[in-house]
Amino acid sequence: MTTDLDGAFAAVAERVRASTVCVHDARGRGSGSGIVWRENLIVTNAHVARGERAIVETRDGRRRRAIVLKRDPSRDLAVLEIEGDNLGLAPVTIRDADDLRPGELVLAVGNPLGLVGAVSAGLVQRCNGRWVVADVRLAPGNSGGPLADAAGRVVGVNSLIARGLALAIPSGAVADFLGTLGRHVTRA
Amino acid sequence: MNSTAPNALLELSNDLAAAVERISPSVVYVDASARRDASGLALDEHTVVTVDHVLDRDEDIELILPGNARCSAEVIGRDPTTDLALLRSDASLKPALHAAAGELKIGHIVLAAARDEDGAPAASLGVLSALDGAWRTWRGGEIDRFVRPDLSMYPAFSGGPLIDAGGAVLGINTWGLSRRTALTIPLSTVERVVAQLRSGGIRRGYLGVAMQTVRIPDALRIQHDLKNESAVIVVDVASGGPADRAGVVLGDVLLGLGQHAIEDADDLQRALAGDAVGTTRPLRILRAGTLRELSVTVAERPADDD
């Protein structure tokens, strides 16, 4: 059982890690995290992607320039499109955060304190529509990274630390934010 | 792995969420302080156990129930020594199911459950970090077992239950028994204290003395054939108190009360616990090197004497 659990945890963490990137500002400084929401489309926090451009770094060290397609500071969300050819990053599977039950296991992946693809785990405390509140240890650098359930499905975007608790923007709010974007974005 | 394929982690996650879901209807928010948030656990339809240190007042206590309904509650009894209190409400509560917990081991997964001021359930995850034998709180209460969970105890978690991964209640969490860490009052202690509070309160025996531990010199031990290696010396006698009336004077060394040997202050408190109140018992003392026996009638500790 222990082996099953450890194995399952590692497999789930690995899948979420594969869909998590590092997001730097246009000059390559500062860093937060980002989620491969769709092919070449990265969701992160507005406070991570402050300008019109950003640099996305994959976990194997590839760096690409990205354009900020849309930004909403009031909701602290931004979406970036990676320039150039397809990097072959695996998009995440999304789960509606409204279905979360208090007590479910969740894990956060990000780049806190200069670490790449660091994983922390904890418990859902509650979801109040505006936030998924989780008992998960976050640090600066986790901002913009995924909060995922025990199956690796992304339920939110880690955004804030409040009184030791992780606050993530629920997946539904991200869908609303992305709603006005075309499914295949073409820029000319 | 397919994203929705069942795995051991998902099973555990579902079990944990189910455990929280099972206990949540029995967990209430306790509004009895302007400064502290607290939770309580429904024991039966009208009774809630919570922790004593969060009760800043004995009246105008309100509970916030699942679904965010408010109702008033009154205090049935309080025991500051074990930090437990029992409340009564006219609202219909859903009592916690008493599933039998397995043997506790360090490393077991545990959950703390609570309710927020806004009526929402909350949970925190961790492991059993330390287990030890019976201990006495800084206020003299007897706790059957030392239980320390390693989990984040947020505001409002004091007074809420600690449960195992199957949802069985292990005890009541509190920040009131240690300045450094949250602890859990084990279920057996909760049940014992609740029974005492229901039957009219905890009666703590009282002699009316202050004391310090002293070593008994070998010569005295041999001379009087004493088993005690240490005893307590009386450094204050409350005027008119039971010890005063029995003839205890400053400087007397207390060796034993009834069947109990007294080697330190804890021993005397144990000798005064249980059904000691109202009984007259032999008090063995050393006075100026000679052995004497007095007869003392144990009184009930005055409420304001902590």
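## A closer look at the overall build of chain B
Logical step 1: Along chain B, the regular secondary structure elements total five helices and 22 strands.
Logical step 2: Here chain B holds 306 residues, and 49% of them are scored as buried.
Logical step 3: Within chain B, counting contacts between residues at least 6 apart in sequence, those at least 24 apart form 59% of the total.

## Quick notes on the overall build of chain A
Logical step 1: Scanning chain A from terminus to terminus reveals two helices and twelve strands.
Logical step 2: Beginning at the N terminus, the succession of helices and strands in chain A can be written as α-β-β-β-β-β-β-β-β-β-β-β-β-α.
Logical step 3: Looking at chain A as a whole, 55% of its 188 residues are labelled buried.
Logical step 4: Here the analysis covers contacts within chain A between residues at least 6 apart in sequence; of these, 59% occur between residues at least 24 apart.
Logical step 5: Approximately 8,200 Å² of chain A is accessible, and the part contributed by carbon and sulfur atoms is 50%.

## Concerning the pairing of strand β5 (residues 70-79) of chain B
Residue and element names in this part refer to chain B.
Logical step 1: With four bridges joining them, strand β4 (residues 61-64) and β5 adopt antiparallel strand pairing. Of the residues in β5, the one forming a bridge with Glu62 is Ser72.
Logical step 2: As judged from the six bridges shared by β5 and strand β6 (residues 84-89), these two strands associate in the antiparallel manner. Residue pairing for β6: Val75 is matched across the bridge by Leu87.
Logical step 3: Linking β5 back to β6 in an antiparallel pair, the connection comprises four residues, with Asp83 at a positive phi of about 60 degrees.

## Topic: the environment of Gly172 of chain A
Logical step 1: Take Gly172 of chain A: it is sitting in helix α2 (residues 171-178).
Logical step 2: For the pair Gly172 of chain A and Gly156 of chain A, spaced 16 residues apart in the sequence, the C-alpha separation amounts to 8.3 Å.

## Description of the confidence of the model for chain B
Logical step 1: Predicted confidence across chain B gives a mean pLDDT of 89, with 95% of residues reaching 70 or more.
Logical step 2: Per the prediction output, this complex has pTM 0.70; the corresponding ipTM is 0.73.

## Looking at the sheet that holds strand β2 (residues 32-38) of chain A
All names here are of chain A.
Logical step 1: With antiparallel pairing, the six strands of this closed barrel are ordered in space as β1-β2-β3-β6-β5-β4. Pairs of neighbouring strands in the sheet enclose a mean axial angle of 40 degrees, with direction left out of account.
Logical step 2: As defined by bridge partners, strand β1 (residues 20-25) adjoins strand β4 (residues 53-57) across four bridges and the pair is classed as antiparallel. When the sheet's bridge partners are listed, Val23 is paired in β4 with Val56.
Logical step 3: Across the sheet, α2 lies against β2, β3 (41-44), β5 (63-72) and β6 (77-82), angled at about 60 degrees from β6, the strand it touches most.

## Re the pattern of salt bridges
Logical step 1: Applying the stated criterion across every chain, the model contains 25 salt bridges over all chains.
Logical step 2: Linking Arg88 of chain B and Asp90 of chain B is a salt bridge whose minimum nitrogen-to-oxygen distance equals 2.9 Å.
Logical step 3: A relative accessible area of 64% places Asp90 of chain B in the exposed class.
Logical step 4: One network of salt bridges, with partners in common, ties together Arg95, Glu104, Asp149 and Arg153 of chain A.

## Quick notes on the sheet that holds strand β1 (residues 27-31) of chain B
Residues and elements named next belong to chain B.
Logical step 1: Spatial ordering of the closed barrel is given by β1-β2-β3-β6-β5-β4, a layout of six strands whose pairing is antiparallel. Neighbour to neighbour, the strand axes of the sheet diverge by 40 degrees on average, direction disregarded.
Logical step 2: Across the sheet, helix α2 (residues 187-198) touches β2 (38-44), β3 (47-51), β5 and β6, and the angle it forms with β6 is around 60 degrees.

## A look at the environment of Ile216 of chain B
All names here are of chain B.
Logical step 1: Checked against the element boundaries, Ile216 lands in the loop between β16 (209-215) and α3 (218-224).
Logical step 2: The class for Ile216 is buried, based on a relative accessible area of 3%.
Logical step 3: When the C-alpha positions of Ile216 and Ser230 are compared, they lie 5.2 Å apart, and in sequence the two are 14 residues distant.
Logical step 4: Setting aside residues no more than four positions away along its own chain, Ile216 makes contact with Arg221, Leu226, Asn228, Glu229, Ser230, Ala231 and Leu255.

## Describing the interface of chain B and chain A
Logical step 1: Taken residue by residue, the interface counts 28 residues in chain B and 24 residues in chain A.
Logical step 2: Surface buried jointly by chain B and chain A totals about 2,300 Å² across both partners, of which 63% is contributed by carbon and sulfur atoms.
Logical step 3: Inspection of the chain B/chain A interface yields two salt bridges.
Logical step 4: Across the pair Arg126 of chain A and Asp116 of chain B runs a salt bridge, and its minimum N-O distance is 2.8 Å.
Logical step 5: Summed over the shared surface of chain B and chain A, the result is nine residue pairs in polar contact (both at pLDDT 80 or more).
Logical step 6: Sorting the residues of the side of chain B that touches chain A by element identifies α1 (8-23) and β8 (121-132) of chain B as the ones contributing at least two each.
Logical step 7: In terms of residue count, the dominant contributor to the side of chain B that touches chain A is α1 of chain B (eleven residues).

## Examining the nonpolar core
Logical step 1: Counting 56 residues, the largest nonpolar core has Ile23, Val30, Leu41, Val49, Leu55, Leu63 and Leu87 of chain B as the members making the most contacts within it.
Logical step 2: Aside from chain neighbours lying at most four places away, what touches Val49 of chain B is Gly40, Leu41, Leu43, Leu84, Ala85, Leu86, Gly159, Ile172, Val190 and Val194 of chain B.
Logical step 3: Formed by 34 residues, the second largest nonpolar core is a distinct cluster that contains Trp37, Leu41 and Trp131 of chain A together with Leu170 of chain B.

## A look at the packing of aromatic side chains
Logical step 1: Counted under the stated rule, the structure contains two aromatic pairs over all chains.
Logical step 2: For the pair Trp135 of chain B and Phe146 of chain B, a centre-to-centre distance of 5.7 Å together with 70 degrees between the ring planes defines the contact as edge-to-face. One end of the pair, Trp135 of chain B, is in strand β9 (residues 135-136); the other, Phe146 of chain B, is in strand β11 (residues 146-150), and eleven residues separate them in sequence.
Logical step 3: Residue class for Trp135 of chain B comes out partly exposed when judged on its relative accessible area of 21%.
Logical step 4: Taking the relative accessible area as the measure of exposure, Phe146 of chain B reaches 23% and is therefore partly exposed.
Logical step 5: On the basis of an interplanar angle of 70 degrees and a centroid distance of 6.0 Å, the ring pair of Tyr154 of chain B and Phe157 of chain B is categorised as edge-to-face. For the pair formed by Tyr154 of chain B and Phe157 of chain B, the shared burial category is buried.
Logical step 6: Against the face of Phe177 of chain A rests Lys70 of chain A, its NZ or CZ located 4.8 Å from the ring centre.
Logical step 7: Residue placement shows Arg75 of chain A over the ring face of Trp131 of chain A; its charged tip is 5.5 Å from the ring centre.

Here is what the cut-offs are and how they apply
Residues numbered from 1 in each chain as written. Chains lettered and ligands numbered in written order. Predicted model: local features only at pLDDT ≥ 70, side-chain atom pairs only at ≥ 80, totals over all residues. Heavy atoms only, no water. Helix = DSSP H or I, 4+ residues; strand = E, 2+ residues; numbered from the N terminus. Buried < 20%, exposed > 50% of the residue type's maximum accessible area, 1.4 Å probe, protein only. Contact = heavy atoms within 4.5 Å. Areas by Shrake-Rupley, 256 points an atom, 1.4 Å probe, with all protein chains shown as cover. Pairing = 2+ DSSP bridges. pLDDT = per-residue confidence, 0-100. Axes fitted to C-alpha atoms, helices over the stretch in contact; angles between N-to-C directions. Salt bridge = Lys/Arg side-chain N within 4 Å of Asp/Glu carboxyl O. Buried area = accessible area lost by both parts, 1.4 Å probe. Polar contact = N/O pair within 3.5 Å; in protein donor to acceptor, adjacent residues only side chain to side chain. Core = buried A, V, L, I, M, F, W, Y, C linked by side-chain atoms within 4.5 Å. Phe/Tyr/Trp six-rings, centres within 6.5 Å; stacked < 30°, edge-to-face > 60°. Lys NZ or Arg CZ within 6 Å of the ring centre and 35° of its normal.

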